[in-house]
Amino acid sequence: MEIVHTPVLLNECLKFLSPIGEPFEKDAFMIDSTLGEGGHSFNFLKKFPTLKILGLDADSVIQARAKERLSEFGERMKFYNGWFNDFYCNYSEERKPDLILFDLGISVFHYEKSGRGFSFRHDEELDMRLNANTKESATDIVNEMPEEELANMIYLYSDEKYSRRIASAIVSARKSQKIVSTKALADIIFNAVPSKYKYGNIHPATRTFQALRILVNSELKRLPEAIHAAFNVLAPGGKIGVITFHSLEDRIVKNYFRNLGKQCVCPREFPECVCGGTPCAEILTRKPVEPSEEEIKANSPSRSAKLRVVRKLRDAEKLRLYGVEAL
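Residues numbered from 1 in each chain as written. Predicted model: local features only at pLDDT ≥ 70, side-chain atom pairs only at ≥ 80, totals over all residues. Heavy atoms only, no water.

(A) Representation of the environment of Q63. When you line up the elements, Q63 lands in helix α3 (residues 60-69). Residue Q63 is classed as buried on the basis of its relative accessible area of 4%. Leaving out residues up to four positions away in the same chain, Q63 has contacts with L35, G55, L56, D57, F79, Y80 and N81. (Helix = DSSP H or I, 4+ residues; strand = E, 2+ residues; numbered from the N terminus. Buried < 20%, exposed > 50% of the residue type's maximum accessible area, 1.4 Å probe, protein only. Contact = heavy atoms within 4.5 Å.)

(B) Expanded view of the pairing of strand β4 (residues 99-103). When you tally the buried positions in β4, you get five out of five residues, the bulk of the element. Taking every second residue as pointing to the same face, both faces of β4 are buried, with L99, L101 and D103 on one and I100 and F102 on the other. In this sheet, β4 lies alongside strand β1 (residues 29-32) in parallel orientation, the contact comprising three bridges. Note on β4: the bridge partner recorded for D32 is L101. Relative to strand β5 (residues 239-244), β4 runs parallel, the two sharing five bridges. Note on β5: the bridge partner recorded for L99 is K239. (Pairing = 2+ DSSP bridges.)

(C) Spatial organisation of the pattern of salt bridges. For the structure shown, the criterion picks out 17 salt bridges. In this structure, the salt-bridge partner of K78 is E75, at a minimum N-O distance of 2.9 Å. Of the residues examined, E75 reaches a relative accessible area of 63% and is grouped as exposed. Here D315 and K312 are joined by a salt bridge, their closest N and O atoms 2.5 Å apart. What makes D315 partly exposed here is its relative accessible area of 42%. Given a relative accessible area of 1%, K312 falls into the buried group. (Salt bridge = Lys/Arg side-chain N within 4 Å of Asp/Glu carboxyl O.)

(D) Focus on helix α9 (residues 182-192). For α9, the complete set of buried residues consists of T182, L185, A186, I188, I189 and A192. Looking down the long axis of α9, one finds its buried residues gathered within 160 degrees of arc, a one-sided arrangement. Buried residues in α9 make contact with α6 (138-144), α8 (163-176) and α11 (206-216). (Arc of directions from axis to C-beta.)

(E) Just the packing of helix α7 (residues 147-158) against α11, in detail. Viewed as axis vectors pointing N to C, α7 and α11 meet at an angle of 95 degrees, and their least axial separation amounts to 8 Å. In terms of their interaxial angle, α7 and α11 are classed as roughly perpendicular. Contacts from M153, I154, Y157 and S158 in α7 reach R207, T208, Q210, A211, L212, I214 and L215 in α11. Here the contact of α7 with α11 is built from residues that sort into seven nonpolar, three polar and one charged. (Axes fitted to C-alpha atoms, helices over the stretch in contact; angles between N-to-C directions. Parallel < 35°, antiparallel > 145°, perpendicular 65-115°, else oblique. Nonpolar A, V, L, I, M, F, W, Y, C, P; charged D, E, K, R; others polar.)

(F) Representation of unusual backbone geometry within the structure. The phi torsion at L9 lies on the positive side, around 50 degrees, for a residue other than glycine. Here L9 lies in the segment before α1 (10-16). For D159, which is not glycine, the phi torsion reads 60 degrees and is therefore positive. Structurally, the position occupied by D159 is in the loop between α7 and α8.

(G) Structural detail: the side chain of H246. Looking at where H246 falls in the secondary structure, it is placed in the loop between β5 and α13 (247-261). You can call H246 buried: its relative accessible area is 15%. Ignoring any residue separated from it by four or fewer positions in sequence, one finds H246 in contact with Q210, I214 and L220.

(H) Seen up close, the pairing of strand β2 (residues 52-57). β2 sits mainly inside the fold: five of its six residues count as buried. Inspection of the sheet shows β1 paired to β2 by four bridges, in the parallel sense. Directly across from M30, in β2, lies its bridge partner I53. Two strands pair when backbone bridges link them, and β2 and strand β3 (residues 77-81) are joined in this way by five bridges, in the parallel orientation. Note on β3: the bridge partner recorded for I53 is M77.

(I) Region of interest: the packing of α8 against α9. Where α8 meets α9, the closest approach of the two axes is 9 Å, and the angle between their N-to-C directions is 130 degrees. Between α8 and α9, the interaxial angle falls into the category oblique. Considering only the axes of α8 and α9, their crossing is right-handed. Touching R165, I166, A169, I170 and A173 of α8 are L185, I188, I189 and A192, all from α9. Of the residues belonging to the contact of α8 with α9, the class tally is eight nonpolar, no polar and one charged. (Left-handed = near helix turned anticlockwise from the far one by under 90°.)

This is how it looks when you write it as structure tokens:
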């Protein structure tokens, strides 16, 4: 059976990033920064017939699937293969976008079809790289990272309360045999945690696998630079929306968007304002938009999703990143 990723918060994205009623309504240009299998782009192109989209993705394999799915839209859909932070920091398109969307979730394709070890549901090579050119794989990290660093990384990127026990078990296991498969790692983690933790709501390896994926793909380190550069690429009056799936991502987006909406973000010790002294954006979602109960029932991965949207008023100085942590 063919598995197709269900786009999260789709109706909310179509509402908040709609070109209808905007000055650019008749000739809107959107960048889908995380194209995946093209779910959001497909629905935007269907609903808004004058819209054109450029879709970015670091993974050429999943982008090939999106190209096939979106082929019916012809020249209205174009593609870029690479990391979104590199794309926005070196923006070369002739036209600035009116709309930008980031969906920071991982596609079902990666869990079920990629064969790269994103999930322990299948016994696969422990890789987790979205882009094959990424230097370190999950296997490299699991087998080479010192125990204390491993424990700190697991805790920092997933809030795993048994991170030290898990790191200790991993280091102990790799002394006798290299850990190269998802099943091997999941079994080590399962046997490392207390009995009461083994049979909770989620498998005890879930958080560790999340932490490894985040580190392998530098997901949090890329994010502040990417959204800052994307905001400055956006045309004045345009809108940018970001969907996050865990608290570390959401904190970065929330703090950056909050800074964009402030008049001044200069530290108190500055003798005078150097950040422009006027807001860079209008915040369109005072609170994050979350999925309805109906969506969560129909698509359980949406349960932790949050959408935040702002409208650009002017370019943002580097100082607007003040206090926006990248872990």
